[in-house]
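What follows is each chain in one-letter form.
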Amino acid sequence: MTQEITTPVLIVGAGPVGLTMAIDLAYNGIDCMLIEKTDGHIDHPKIGTIVTRTMEFFRRWGFVEQVRTSGFPDDYKLSIVFCTALTGHQLERDDYPSTAESPIPEGTPHKRQRCPQMWLDPILQRFAGEQPAIDLRFQHTLESFTDTDGGVSATVRDEKTGEVVTVKAKYMIGCDGALSMVRTDLGIPMIGKTKINYSIGILFRCPDLLEMTQIGDIERCILVGPEGTWGNLTVIDGSKLWRLTVFGSEERFDIQNFDSEGWIKRALGRDDIPFEVITIVPWRRTELVAENYKKGHVLIAGDAAHTMSPTGGMGVNTGFGDVVDLGWKMAGTLKGWGGDHLLESYEAERRPIAVRNAAFSTHNFKTWNVPVDTSGINTPGEEGDRLRKEIGHALKENTRSDWQSWGIQLGYRYENSPICVPDGTPATPDEYTTYIPTARPGHRAPHAWLSDGRTILDLYGRDFVLLDFGAQADAASAFVAAADKAGVPLRVEAIADAEIAKLYEQPLVLVRPDGHVAWRGKDASDAAWVIDVARGAAMLEQALTA
Ligand SMILES: Cc1cc2nc3c(=O)[nH]c(=O)nc-3n(C[C@H](O)[C@H](O)[C@H](O)COP(=O)(O)OP(=O)(O)OC[C@H]3O[C@@H](n4cnc5c(N)ncnc54)[C@H](O)[C@@H]3O)c2cc1C
């Protein structure tokens, strides 16, 4: 007889999004089973950039220091170079400091961090493996599932033994990547651009690259030839590993005849620098978002729900945002205090962010393409110099949003969320490069340093938090009573800091477990319906007209 296992939540896919989904559920006190069809080994790291907002999530979960010190050299400068080859014509150089030299950006307690995926995933795997609430099983494949009245019944194969088990879960979350079987089986279409181009990533070892090219520390080299921008070289570990991405067209590469060594030599501009090709991975650049994020008892997150060009490094970082939005909602629903609309609000909040971030990523890719004819890029003499200068200038100016995306990283907001109560204040501009801190409902509650040295973000996490900046005496207790009645975990935090009070703008601010503002105001006369809206138990329209 087939063995049967029950779990509150079955997560399919232990890539970075599935792993953090499990970690966030464990953080919220929910048991889950996490299955992954591979053995979890990363032989071709795709992810390299961890943005500031994700570092805030890692801080919340407890492993930000491990990511920060995972091995990328702190003193390695993260400059961007535009050139015909590393030893060819340098068109422009956008100098950036090393992580150690960079100041902490305003509005967040963390710098962005380079942490290649072959270091990141093992940190996440180890951390998830240590959580008693997570039943993590590698080499276990989801084969099929059915959504029943009370939950999901899934067939899972143990790839080592061939044994098949039935997993009964209240909910299933598909974190199974761009080709998501979960999404496909649910019949959810992806909407957007299916084919921006085909590209090939070549991971190679070249310990002498910096010394022999004398190019200086680089995070990235954008490579331009007579045909236009043809590739990009990215640092992986800050010493010997590099990835060359070769851009194709709308046609697939002929992988059998793909000359990876020839392309690396073209990028280096010399053929006497020793290197060794490690892996070659073809992939498709897209801008796609799933039409729905939930169907019945099944939800999707990460690349299963959206795929975007890696330009700007928002792919997995958007997935981590999904996780933090979904985790507390799933916990609230399973614990019974979440209302009927709470899980539905996941799609309403996160889908627009995926559309936004995917458009940003495509925008960045377009800026890598030179707006002038480059056919004469190798022309010698002054005429060539003039053209090269023009190309370099255009690239440097146009690509800034890629490297300085503070607005994208920190400024996302859940506009029109069914579980945030708008306060009538106008939206701040949603711009790629500029972040304007605000505690307007729907936004990430802004960072500020507390007098004890913590960031205010450290107050947010498992519970709702009511920030009290000196409101009337009974106001906070009205919220506590309303939350108690609904079974919602709520803490009151009195903050006696005029600067932070000014930043948050109202004497009472209700912050959700994910650190987004649900409501702000002066008094607690509507405390009960505010709590009901925030926990997805009352429709916002009904509440507002009540
Ligand atoms: C060249 C490149 C560079 C990139 N750089 C960055 C970057 O710097 N920053 C960034 O934010 N993003 C980057 N991205 C995007 C990033 O790689 C993805 O967004 C991220 O990997 C998605 O994570 P995920 O966990 O959703 O999916 P995946 O990483 O695809 O993981 C899905 C997992 O599900 C498993 N799985 C699938 N089907 C099943 C099944 N039936 N049963 C069990 N397990 C299953 C798979 O084996 C896999 O491990 C880059 C992408 C590319 C191509």
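Our subject is the structure listed above.
What you see is a predicted model; the values in this text were computed from it and never measured.

(A) The packing of aromatic side chains, seen in detail. In this structure the tally under the stated criterion is 21 aromatic pairs. A centroid spacing of 5.6 Å and a plane angle of 70° characterise the contact between F58 and F320, whose relative ring orientation is edge-to-face. A residue pair is termed long-range when its members are at least 10 positions apart, and F58 in helix α2 (residues 52-61) and F320 in helix α8 (residues 315-335) qualify at 262 residues. Assigned by exposure class, F58 and F320 land together as buried. Taken together, F57, F58, W61, F63, F127 and F320 form an aromatic cluster joined through their ring pairs. Over the ring of F247 we find R285; its NZ or CZ atom is 5.1 Å from the centre of that ring. Over the ring of Y27 we find R462; its NZ or CZ atom is 3.9 Å from the centre of that ring.

(B) Molecular detail of the nonpolar core. Ranked by internal contacts, the top residues of the largest apolar core, which has 74 residues, are F58 and M172. Tallying contributions element by element places helix α1 (residues 16-27) first for this core, with 8 residues.

(C) Region of the structure containing the site of the ligand. Around the ligand, the structure places 30 residues, and the nearest of them are E36, L142, D303, V316 and N317. Between E36 and the ligand, the recorded distance is 2.7 Å, taken from a side-chain N or O atom to an oxygen atom. Within the backbone of L142, an N or O atom sits 3.0 Å from a nitrogen atom of the ligand. Protein contacts shield 88% of the accessible area of the ligand, which totals 1000 Å² for the unbound molecule. Of all the elements in the fold, those that place two or more residues in the shell around the ligand are α1, β2 (32-36), β8 (140-148) and α8.

(D) Inspection of the state of the cysteines at higher detail. Tallied over the entire structure, the rule returns 0 disulfides. Free of any disulfide, C83 has its nearest cysteine sulfur in C221, 3.6 Å distant.

(E) Just the pairing of strand β1 (residues 3-12), in detail. Note that β1 and strand β10 (residues 164-174) share 9 bridges and pair parallel. Bridge pairing links V9 to Y171 in β10. Inspection of the sheet shows β1 paired to β2 by 4 bridges, in the parallel sense. Pairing of V9 across the sheet is with C32, part of β2. Between the parallel elements β1 and β2, the chain passes through α1 in a crossover that is right-handed.

(F) Representation of the layout of surface pockets in the model. By volume, the second largest pocket is sized at about 290 Å³. For the lining of the second largest pocket, the class distribution of residues is 7 nonpolar, 3 polar and 3 charged.

(G) Structural context of unusual backbone geometry. Not every positive phi belongs to a glycine, and Q139 is a case in point at roughly 55°. In this fold, Q139 is placed in the loop between β7 (134-138) and β8. Positive phi, normally seen in glycine, also occurs at Q214, with a value near 55°. Locating Q214 in the fold gives a position in the loop between α6 (209-213) and β12 (220-225). The class of Q214 is exposed, set by a relative accessible area of 63%.

Here is what the cut-offs are and how they apply
Residues numbered from 1 in each chain as written. Predicted model: local features only at pLDDT ≥ 70, side-chain atom pairs only at ≥ 80, totals over all residues. Heavy atoms only, no water. Phe/Tyr/Trp six-rings, centres within 6.5 Å; stacked < 30°, edge-to-face > 60°. Helix = DSSP H or I, 4+ residues; strand = E, 2+ residues; numbered from the N terminus. Buried < 20%, exposed > 50% of the residue type's maximum accessible area, 1.4 Å probe, protein only. Lys NZ or Arg CZ within 6 Å of the ring centre and 35° of its normal. Core = buried A, V, L, I, M, F, W, Y, C linked by side-chain atoms within 4.5 Å. Near = heavy atom within 4 Å. Polar contact = N/O pair within 3.5 Å; in protein donor to acceptor, adjacent residues only side chain to side chain. Areas by Shrake-Rupley, 256 points an atom, 1.4 Å probe, with all protein chains shown as cover. Disulfide = S-S within 2.5 Å. Pairing = 2+ DSSP bridges. Right-handed = clockwise from strand over helix to strand, strands pointing away. 1 Å grid on protein atoms, 1.4 Å probe; cavity = no way out; pocket = protein on both sides within 12 Å on 5 of 7 lines; lining within 4 Å. Points joined across faces, edges and corners; volume = space filled by probe spheres on them. Nonpolar A, V, L, I, M, F, W, Y, C, P; charged D, E, K, R; others polar.

By themselves, these observations are geometric and do not establish any function.
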